[in-house]
Amino acid sequence: QVQLVESGGGLVQPGGSLRLACAASGSIFSLLTMAWYRQAPGKQRELVVTITTTGNTNYADSVKGRFTISRDNAKNTVYLQMNSLKPTDTAVYYCNARWDPRVYWGQGTQVTVSS
């Protein structure tokens, strides 16, 4: 069983930055494909970015060039650096871990971009 705990959300002005972190329990972190999803009010949850066990990344077009995912296997943590934030980035951000066929979710952290 893997437990995921997100942190780092909050209120930021347009153009600002935030860094989210997701800490995973257990000893299999290096085997997990990690991802960040988000869900805005009234919308479906969408994939933001994934990072594989070998560090390959795949970003949604809407965040390319602004968001950066990274992972620290020694700390069992994945990060999401979010720059040049827009009001349309406002959402609950969820950490996701996959070790096929198992999938794990965090509880989510709110990111609000507003002036």
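Worth saying up front: this structure is predicted, and the values here are computed from it rather than measured.

Asker: Quick rundown of the sheet that holds strand β3 (residues 18-24)? Include the residues and the values.
Answerer: Across the sheet, four strands lie side by side as β1-β3-β8-β7; this open sheet has antiparallel pairing. Unpaired on one side and paired on the other, β1 (4-7) and β7 (67-72) mark the two borders of the sheet. This sheet shows a mean twist of 15 degrees between the axes of neighbouring strands, independent of strand direction. In this sheet, β3 lies alongside β1 in antiparallel orientation, the contact comprising four bridges. When the sheet's bridge partners are listed, Ser-7 is paired in β3 with Ala-21.

Asker: Would you mind going over the packing of aromatic side chains in detail, with residue names and values included?
Answerer: This model, assessed by the stated rule, comprises two aromatic pairs. Relative to Trp-105, the ring of Tyr-94 has its centre 6.4 Å away and its plane inclined at 85 degrees; by these criteria the two rings are edge-to-face. On the criterion of sequence distance, the pair formed by Tyr-94 in strand β9 (residues 91-99) and Trp-105 in strand β10 (residues 102-105) is long-range, its members being eleven residues apart. A residue is classified by how much of its surface remains accessible, and Tyr-94, at 14% relative accessible area, is buried.

Asker: Can you break down the state of the cysteines residue by residue, with the values?
Answerer: Counted by the stated rule, this structure contains one disulfide. Disulfide pairing places Cys-22 opposite Cys-95 at an S-S distance of 2.1 Å. Classification of the bridge connecting Cys-22 and Cys-95 rests on its S-S torsion, roughly -80 degrees, and on that basis the disulfide is left-handed. Taken together, the positions of Cys-22 in strand β3 and Cys-95 in strand β9 put the pair 73 residues apart, joining distant regions of the chain. Each member of the pair Cys-22 and Cys-95 is classed as buried.

Asker: Please provide a residue-by-residue account of the pairing of strand β8 (residues 77-82), values included.
Answerer: Burial within β8 is extensive, with five of its six residues counted as buried. Across six bridges, β3 lies against β8 in antiparallel orientation. Within β8, the position partnered with Leu-20 by the bridge is Leu-80. In this sheet, β8 lies alongside β7 in antiparallel orientation, the contact comprising six bridges. Pairing of Phe-67 across the sheet is with Met-82, part of β8. Following β7, the chain reverses through four residues before pairing antiparallel with β8; Asn-76 in that reversal takes a positive phi of roughly 55 degrees.

Definitions and limits used
Residues numbered from 1 in each chain as written. Predicted model: local features only at pLDDT ≥ 70, side-chain atom pairs only at ≥ 80, totals over all residues. Heavy atoms only, no water. Pairing = 2+ DSSP bridges. Helix = DSSP H or I, 4+ residues; strand = E, 2+ residues; numbered from the N terminus. Axes fitted to C-alpha atoms, helices over the stretch in contact; angles between N-to-C directions. Phe/Tyr/Trp six-rings, centres within 6.5 Å; stacked < 30°, edge-to-face > 60°. Buried < 20%, exposed > 50% of the residue type's maximum accessible area, 1.4 Å probe, protein only. Disulfide = S-S within 2.5 Å.

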